[in-house]
Amino acid sequence: MHASDTDPLGSEAVNESAESLRVALSGRANRLTRSKITLASLAGVVVALDQTTKAVVRATLPLHDSVEVIPNFLSFTYVRNTGAAFGLLNGVDFPLKTAVMTMVALTALVAIGVYAAKTAIPQRATRLGLALVIGGAVGNLIDRITFGYVVDFIDAYWRGWHFWAFNVADAAITIGASLLILDMIWMDRHVSRTV
């Protein structure tokens, strides 16, 4: 007598299929877990680098002093930013400005963090972009909570024109956001070609 005679549904085949599915899902879960650990690790590196460079600037440069790094192009100038990114709203005073700016930054960070935690992130560029954005946002948020302002010090300029002073966190956020945008554009093109 064959197994198929006593088991018309083929439970052995069903069990094998279920086991294969369990192994495949387990492998996918492991990859997602590793992906999120990598994302958190990269974000942690950005935070550490950002906070270390800011501590060095606070310890070695008096407020508003400069050290020329590349003549006629780059200086380290210690400034305090009480506004948003790149000095936006820095010169504007309003009641509870520090608390408002901190809450805006915290809300954005929580939204990005929830997105990163709940989303499968298959593309390396997306993972790297999110890690840079999250790390940069955390770095600047630490400053806002600790000091009530963000330490900026990278002063890029050409002749008489100065770009806004920024820091490692700002650079990470800008590069990360650019990677996310490029990845979205690439994904849209890729999807439109396959449809």
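Higher on the page you've got the structure.
To start, this report covers the structure provided alongside it. (Residues numbered from 1 in each chain as written. Predicted model: local features only at pLDDT ≥ 70, side-chain atom pairs only at ≥ 80, totals over all residues. Heavy atoms only, no water.)

**So, the environment of Met101**
Rule in force here: Numbering goes from the N terminus for both helices and strands, where a helix is a DSSP run of H or I of at least four residues and a strand is a run of E of at least two. Categorising residues by exposure relies on relative accessible area from a 1.4 Å probe, with only protein chains included: less than 20% of the type maximum marks a residue as buried, more than 50% marks it as exposed, and the intermediate range marks it as partly exposed.
Locating Met101 in the fold gives a position in helix 3 (residues 97-118). Judged by relative accessible area, Met101 falls into the buried class, the value being 8%. Each C-alpha atom, one on Met101 and one on Arg144, is 7.9 Å from the other, the two residues being 43 residues apart in sequence.

**Considering the packing of aromatic side chains**
So the rule is basically this: Here a Phe, Tyr or Trp ring, Trp counted by its six-membered ring, pairs with any other such ring whose centre lies within 6.5 Å, and the pair is stacked when the planes are under 30 degrees apart, edge-to-face when over 60, and tilted otherwise.
Under the defined criterion, the tally for this structure stands at five aromatic pairs. Considering the side-chain rings of Phe163 and Trp164, the 5.3 Å spacing of their centres and the 70 degrees angle between planes classify their relative orientation as edge-to-face. We classify Phe163 as partly exposed; its relative accessible area is 28%. When the centroid spacing of 6.0 Å and the interplanar angle of 85 degrees are considered together, the rings of Phe163 and Phe166 count as edge-to-face. For Phe166, a relative accessible area of 16% puts it in the buried group.

**Describing the sheet that holds strand 4 (residues 161-162)**
Worth spelling out the cut-off: Between any two strands, at least two bridges found by DSSP are needed for them to pair.
Strands sit in the order 1-2-3-4 across an open sheet of four strands; the sheet is antiparallel. Strands at the two margins of the open sheet, each flanked by one partner only, are strand 1 (66-70) and strand 4. In the sheet, strand 3 (residues 150-158) pairs with strand 4 via two bridges, with the strands oriented antiparallel. Considered in strand 4, the bridge of Tyr157 is made with His162.

**Some words on the pattern of salt bridges**
We count it as follows: The salt bridge criterion pairs a side-chain nitrogen of Lys or Arg with a carboxyl oxygen of Asp or Glu, the two atoms within 4 Å.
Counting across every chain of the model gives two salt bridges. A salt bridge links Lys54 to Asp50, with the shortest nitrogen-to-oxygen separation between them at 2.8 Å. In this pair, Lys54 and Asp50 both sit in helix 2 (residues 11-60), four residues apart, roughly one turn of the helix. Each member of the pair Lys54 and Asp50 is classed as buried.

**Points about the side chain of Asp155**
Using the following cut-off: Polar contact is the term for a pair of N or O atoms within 3.5 Å; when the atoms are in protein, one must be able to donate a hydrogen and the other to accept it, and sequence-neighboring residues count only if both atoms are side-chain atoms. Note on contacts: a residue pair qualifies if any of its non-hydrogen atoms lie within 4.5 Å across the two residues.
Tracing the backbone shows Asp155 in strand 3. A polar contact of 2.9 Å, which involves the side chain of Asp155, links it to the side chain of His162. Non-local contacts of Asp155, meaning those with residues more than four positions away in its chain, are made with Phe73, Leu74, Ser75, Thr77, His162 and Phe163.

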